[in-house]
Amino acid sequence: RSPSPASWPRLRRGWAGLDSGPLSAGERGQYLVGDCIAGGVMGRKRDRSASTSSGGSRSTRKSGGSSGSSSGSSSGSDSDASTNSAKSRGSDRPRKRSAVDKVSRDDPAPPAPPPAAVDGGSGGSSQPPPPPPARGASAAAAAPGAGQDKPSSAAQAFLEQEARQKLGGRTGGVYIPPFKLAAMQKEMAKMDKASKEYQRLKWEQLRKGINGLVNKVNVANIKDIIPELFELNLVRGKGLLARAVMKAQLASPGFTHIYSALVAVLNTKLPENGELIVKRVIVGFRRAYKRRDKVVATAFAKFIAHLVNHQVAHELLALQLLTVLLEEPTDDSVEIAVNFTKEVGQLLEQLSPRGLHAIFERFRGILHEGEIDKRVQYTIEGLFAVRKSNFSDFLAVPDELDLVDRNDQITFEFGLDDKLDKQELLDVFRAEKDYEQNERMWKSLRAEILGESDDGSDADSESGSGSEDSDSDSEDEDEERGAVGGWGGPSGLEEKRTEIEDLTEQDLINLRRTIYLTIMSSVGFEECAHKLARLNIPPGHEMELCNMLIECCSQERTYLRYYGLLAQRFCLMERRWTGTFDRGFSEQYTMIHRLETNKLRNVAKLFAHLVVTDAIPWTCFEYIRLNEEETTSSSRIFVKILVQEVSEAIGIAKLKSRFSDPYMGQVFAGLFPKENPRDTRFAINYWTSIGLGALTDGLRQHLKDAPKRLREQQLALARQQAEMARNASSSSSSSSSSSSSSSSSSSDSGSSSDSDSGSSSSGSSSSGSSSSSSSSDSDSD
């Protein structure tokens, strides 16, 4: 049974702990007013029940202004009944005082004379009873007025307890003026830090600080909130942090990505906090799913999705959750699965494409079965549309919330079926024995996380000022040395300005982008050439335009004459572009094996157009060496398409005359090799196989005359060897004759000289006179 209204003040006083001391005058007045209101309400209810139960006569109670006595009589006439009922309805206000008197009589109090009965017409009042004394209190304390002048120790203890409750209650306590709060904090500062009261105060401050920071975090200030959050003892408040984050996420699921980013940053420094949050979120989802609580399950599923996106939880958890939701599909479970897949789909497409494909196949099966509601079927169709757009509207991690490097993140591999401990005792205050030591350990850990130094700021400022002084002194000394010696530095050399060189090649990347956009956005080649000419490409960067033009041409499905005309226009515009495209031909031919067949065909047709129009010289063919060792399949296809296009453009006769030009014979020696018969046969077979056998007439004749030339070469070699042998024998005979002449006697010298002179005169008839004179001179001698 519910307590009667008369016992309300006694129960209220028992709950508040007021039985240990007397009430003040203000508190007593408040309780009396509340009880009067309650008594009046109950009195009206009793009157209504009495009036409905009595058939013809209704009993009424008349009460005076201050007495609690009631007098009434039943009347049989209708006029008396109506009069008495009207009086009972109009006498609600006086009956409150009678209820007060009743309550005061029910309270434990010393014996007092009963209130005097007052006539209904006289309006007299009785004095209210004195306040009840405290149980176990002395007679002096129970005397009227004694408790008000000097409160007891029990009352003082209650007031202190009430102040502590106001300071840190469950809802934050009532408003306390700033000056009172400052005074209370000063008093608390004097308390022992190891005491339970001081730790409770710090616990409440920690709870309020965590709740306040978590509630005001958003995309703009998350980078500022995280350092402030690390200022709080998150090791002690691990449970408070998990509770605050989950409560804030349930209250506003639209900010789940922000809370997940916050958890991801905290997880890199304090993995225990991230682990606890993941465990509680998984347990919360399981509980909500079993209770069929769609709102809570949707919110927790979204939280799990974003934790997976930030790699705090493993992607297998997401696949397991989707499997559970779609195992026995209902309207709610399928809707939760659709929303979950939208949030986590982009990440699963990167990390587990096969698993995501299996999930979408299950969605397709559910859609074909048609057992769910039409509205849910539309959501599945919308999910397939989102997948087709590569989840562009549901980014896994927005750029402004990508605060953690993937290598620094710690991932927890929990499953839905694992036994997880929520550690709910961490949410409850418990006094610690080593409180001060734990606080010091947290300060050192916080300094390590935030990169702060353990030394004081004074030492830092002193060292900073000292370094500044030393730097200024060294600068002054350098200036004095420079003024005296006229040097720009300590080495005696003039100071050189360091030029900053941009190694990122940002300007080059911008130039390539501009060239590409101009080529792709122009309507015709003339417009494109005009725009590109106005770019004023600096000298040395011409190859960028050539390479970009060749690359754009190769990317087309079929060859477009637009690119050939554009390249021709540049080659005819300035001579430097001719050399640029000639060098581009050489580079493309050396790397032709890297291109696909379609790209290779487009590039070959581009250069064929330039060769036909004489935009680049025919000397570019000197880079081609047509033999079995120096060609590949790709290069042979490139040469085939190139020469066939030229042949179709200018005709086979003109092409043959150009290749047969003796002035250009050295340039085309690679296309028509004649040094080695094996290479000659390979070239003849190649040109014949591609339908250009008419170009091989010279090679065929050269190969046909090869045996004759070979015999002539052999005969010439033999003659050369015989002549060399004769020269060797003549040289040996001359040496032997010279040795015999030297061994003859001196007497025969005259005759030998005569014979020599005769032979010399007979050998040279044209100069006979001169020889005879010389011989006579020799005889006389």
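Please read all numbers here as calculations on a predicted model, not as lab measurements.

Conventions used here
- Residues numbered from 1 in each chain as written.
- Predicted model: local features only at pLDDT ≥ 70, side-chain atom pairs only at ≥ 80, totals over all residues.
- Heavy atoms only, no water.
- Helix = DSSP H or I, 4+ residues; strand = E, 2+ residues; numbered from the N terminus.
- Buried < 20%, exposed > 50% of the residue type's maximum accessible area, 1.4 Å probe, protein only.
- Contact = heavy atoms within 4.5 Å.
- Areas by Shrake-Rupley, 256 points an atom, 1.4 Å probe, with all protein chains shown as cover.
- Expected span 1.5 Å × (residues − 1).
- Phe/Tyr/Trp six-rings, centres within 6.5 Å; stacked < 30°, edge-to-face > 60°.
- Lys NZ or Arg CZ within 6 Å of the ring centre and 35° of its normal.
- Axes fitted to C-alpha atoms, helices over the stretch in contact; angles between N-to-C directions.
- Nonpolar A, V, L, I, M, F, W, Y, C, P; charged D, E, K, R; others polar.
- Salt bridge = Lys/Arg side-chain N within 4 Å of Asp/Glu carboxyl O.
- Core = buried A, V, L, I, M, F, W, Y, C linked by side-chain atoms within 4.5 Å.
- pLDDT = per-residue confidence, 0-100.
- 1 Å grid on protein atoms, 1.4 Å probe; cavity = no way out; pocket = protein on both sides within 12 Å on 5 of 7 lines; lining within 4 Å.
- Points joined across faces, edges and corners; volume = space filled by probe spheres on them.
- Disulfide = S-S within 2.5 Å.
- Patch = residues over 30% accessible without salt bridge, like charges linked within 9 Å, V, L, I, M, F, W, Y side chains within 5 Å.
- Lys, Arg positive; Asp, Glu negative; His and termini not counted.
- Charge placed at Lys NZ, Arg CZ, Asp CG, Glu CD.

S.K.: Please clarify how the overall build of the protein chain should be interpreted in this entry.
M.R.: Counting its regular elements, the protein chain contains 33 helices and zero strands. Classification of the 781 residues of the protein chain by burial places 35% in the buried group. Of the contacts formed within the protein chain by residues at least 6 apart in sequence, a portion of 74% connects residues at least 24 apart. A total accessible area of about 46800 Å² is found for the protein chain, and carbon and sulfur atoms account for 51% of it.

S.K.: Whenever I open this one, helix α13 (residues 271–290) confuses me. Can you help?
M.R.: In an α-helix, one turn spans 3.6 residues; hence positions three or four apart end up facing the same way. Over its 20 residues, α13 extends 29 Å from the first C-alpha to the last, a length consistent with the 28 Å expected when each residue adds 1.5 Å. Positioned one or two residues after α13, Arg 292 has a phi angle of 60°, which is positive.

S.K.: I'm lost on unusual backbone geometry in this one. Help?
M.R.: Excluding glycine, a negative phi dihedral is what most residues carry, and trans is how most peptide bonds are arranged. The phi dihedral of Asn 390 falls on the positive side, at around 60°, and the residue is not glycine. Tracing the backbone shows Asn 390 in the loop between α18 (374–388) and α19 (435–450). We note that Phe 391 has phi near 55°; this positive angle belongs to a residue other than glycine. Positionally, Phe 391 belongs in the loop between α18 and α19. On the accessibility criterion, Phe 391 (0% relative accessible area) is buried.

S.K.: Sorry, what's going on with the packing of aromatic side chains here?
M.R.: Given two aromatic rings, their pairing is described by the distance between the two centres and the angle made by the two planes. According to the stated counting rule, one finds 20 aromatic pairs in the structure shown. Here Phe 285 and Tyr 289 contribute two aromatic rings whose centre-to-centre distance is 6.0 Å and whose plane-to-plane angle is 20°, an arrangement assigned as stacked. One end of the pair is Phe 285 and the other is Tyr 289, both in helix α13 and four residues apart, which spans about a single turn. By the ring-pair criterion, three or more aromatic residues cluster together here, those being Trp 618, Phe 621, Phe 659, Phe 668, Phe 672, Tyr 686 and Trp 687. The positively charged end of Arg 387 is found above the aromatic ring belonging to Phe 360, 4.3 Å away from the centroid. In this structure, Arg 658 packs its charged tip against the face of Trp 618, placed 4.2 Å from the ring centre.

S.K.: What is the right way to read the packing of helix α27 (residues 633–650) against helix α28 (residues 652–659) from this model?
M.R.: Relative orientation and spacing of two packed helices are given, respectively, by the angle between their axes and the distance between those axes. Orientation of α27 relative to α28, taken along the N-to-C sense of each, is 115°, at an axis distance of 7 Å. In this structure, α27 contributes Val 643, Val 646, Ser 647 and Ile 650 to the contact, and α28 contributes Ile 652, Lys 654, Leu 655 and Phe 659. Residue composition of the contact of α27 with α28, grouped by class: six nonpolar, one polar and one charged.

S.K.: Explain the side chain of Lys 422 here, please?
M.R.: Within the secondary structure, Lys 422 sits in the loop between α18 and α19. Ignoring sequence-local partners within four residues, the contact set of Lys 422 consists of Leu 276, Arg 280, Val 283 and Arg 287.

S.K.: How should the pattern of salt bridges be read in this particular structure?
M.R.: The tally for this structure, following the rule as stated, stands at 18 salt bridges. Here Arg 512 ties to Glu 544 by a salt bridge, and the two come within 2.7 Å at their closest N and O atoms. You can see Arg 512 sitting in helix α21 (residues 506–521) and its partner Glu 544 sitting in helix α23 (residues 542–555), a full 32 residues away along the chain. Residue class for Glu 544 comes out buried when judged on its relative accessible area of 18%. In this structure, Glu 527 engages Lys 531 in a salt bridge whose closest nitrogen and oxygen atoms are separated by 2.8 Å. Placement of both Glu 527 and Lys 531 in helix α22 (residues 525–533) is noted, with a separation of four residues, approximately one turn of the helix. The exposure class assigned to Glu 527 is partly exposed, which follows from its relative accessible area of 32%. Several salt bridges converge on common partners, so that one network encompasses Lys 294, Asp 332, Glu 335 and Arg 375.

S.K.: What should I look at first to understand the nonpolar core in this one?
M.R.: Note that soluble globular proteins tend to have their nonpolar side chains buried in a common cluster. Grouped together as the largest cluster of nonpolar side chains are 86 residues, with contacts concentrated most on Ile 210, Leu 234, Phe 285, Val 334, Phe 340 and Phe 363. Excluding residues within four positions of it along the chain, Ile 210 makes contact with Leu 232, Leu 234, Gly 237, Leu 240, Leu 241 and Ala 244. Counting 65 residues, the second-largest nonpolar core is a separate cluster that includes Leu 565, Phe 585, Ile 624 and Ala 683.

S.K.: Just checking my understanding: could you explain helix α12 (residues 256–269) for this structure?
M.R.: Its 14 residues give α12 an end-to-end C-alpha distance of 21 Å, which sits within 8% of 20 Å, the value for a rise of 1.5 Å per residue. For α12, the tally of buried residues reaches eleven of 14 residues, placing the bulk of the element in the interior. Here α12 has its buried residues at Thr 256, Ile 258, Tyr 259, Ser 260, Ala 261, Leu 262, Val 263, Ala 264, Val 265, Leu 266 and Asn 267. Contacts from the buried residues of α12 go to α9 (196–215), α10 (222–230), α11 (238–251), α13 and α14 (294–309).

S.K.: Any chance you could explain the environment of Phe 384 here in plain terms?
M.R.: By the secondary structure assignment, Phe 384 is in helix α18. Beyond its immediate sequence surroundings of up to four residues, Phe 384 is in contact with Phe 360, Phe 363 and Arg 364.

S.K.: How should I be thinking about the confidence of the model for the protein chain in this particular structure?
M.R.: Regions with low pLDDT carry predicted coordinates that are not meant to be interpreted in detail. Put simply, the protein chain has an average pLDDT of 74, and 65% of its residues get 70 or more. Per-residue pLDDT stays below 50 along residues 7–129; that stretch engages in 101 contacts with residues further than four places along the chain or on separate chains. Throughout residues 744–781 the model reports pLDDT below 50, and contacts reaching past four residues in sequence, or to other chains, amount to three contacts.

S.K.: Got a minute to help me understand empty space enclosed by the protein in this structure?
M.R.: A water-sized probe, rolled over the atoms, reveals where empty space remains. Evaluation of the coordinates by the stated rule reveals one cavity of 30 Å³ or more. Taken as a whole, the largest cavity holds about 40 Å³ of empty space. Ala 261, Ala 264, Val 265, His 310, Leu 401, Asp 402, Leu 403, Val 404 and Arg 406 together form the lining of the largest cavity. Grouping the constituent residues of the lining of the largest cavity by class yields six nonpolar, one polar and two charged.

S.K.: For this particular structure, what's the right way to read the state of the cysteines?
M.R.: Disulfide: a covalent bond connecting the sulfur atoms of a pair of cysteines. Inspection of the entire model under this criterion finds zero disulfides. Free cysteine: Cys 552, not disulfide-bonded; nearest cysteine sulfur from Cys 553 at 8.8 Å. Among the residues examined, Cys 552 registers a relative accessible area of 4% and is labelled buried. Sulfur of Cys 571: no disulfide; nearest cysteine sulfur belongs to Cys 546 and is 7.9 Å away.

S.K.: How should a negative patch on the surface be read in this particular structure?
M.R.: Taken together, Asp 399, Glu 400, Asp 402, Asp 405 and Asp 408 make up a surface patch of like negative charges. Inspection of the secondary structure assignment puts Asp 405 in the loop between α18 and α19.

S.K.: Help me understand the environment of Glu 551 in this model?
M.R.: Topologically, Glu 551 is positioned in helix α23. For the pair formed by Glu 551 and Val 603, sequence separation is 52 residues and the distance between their alpha carbons is 8.5 Å.

S.K.: Explain a nonpolar patch on the surface here, please?
M.R.: A cluster of nonpolar residues, Tyr 516, Leu 517 and Met 520, forms a patch on the protein surface that exposes about 290 Å² of accessible area. Within the secondary structure layout, Tyr 516 lies in helix α21. Judged by its relative accessible area of 38%, Tyr 516 falls in the partly exposed class.

S.K.: Explain the environment of Leu 655 to me, please; I cannot follow it from the model alone.
M.R.: Among the secondary structure elements, Leu 655 is positioned in helix α28. Along the chain, Leu 655 and Val 643 lie twelve residues apart, while their C-alpha atoms are 9.0 Å from each other. Each residue touching Leu 655, except ones within four places of it in the same chain, is listed here: Trp 618, Val 643, Val 646, Ser 647, Ile 650 and Leu 695.

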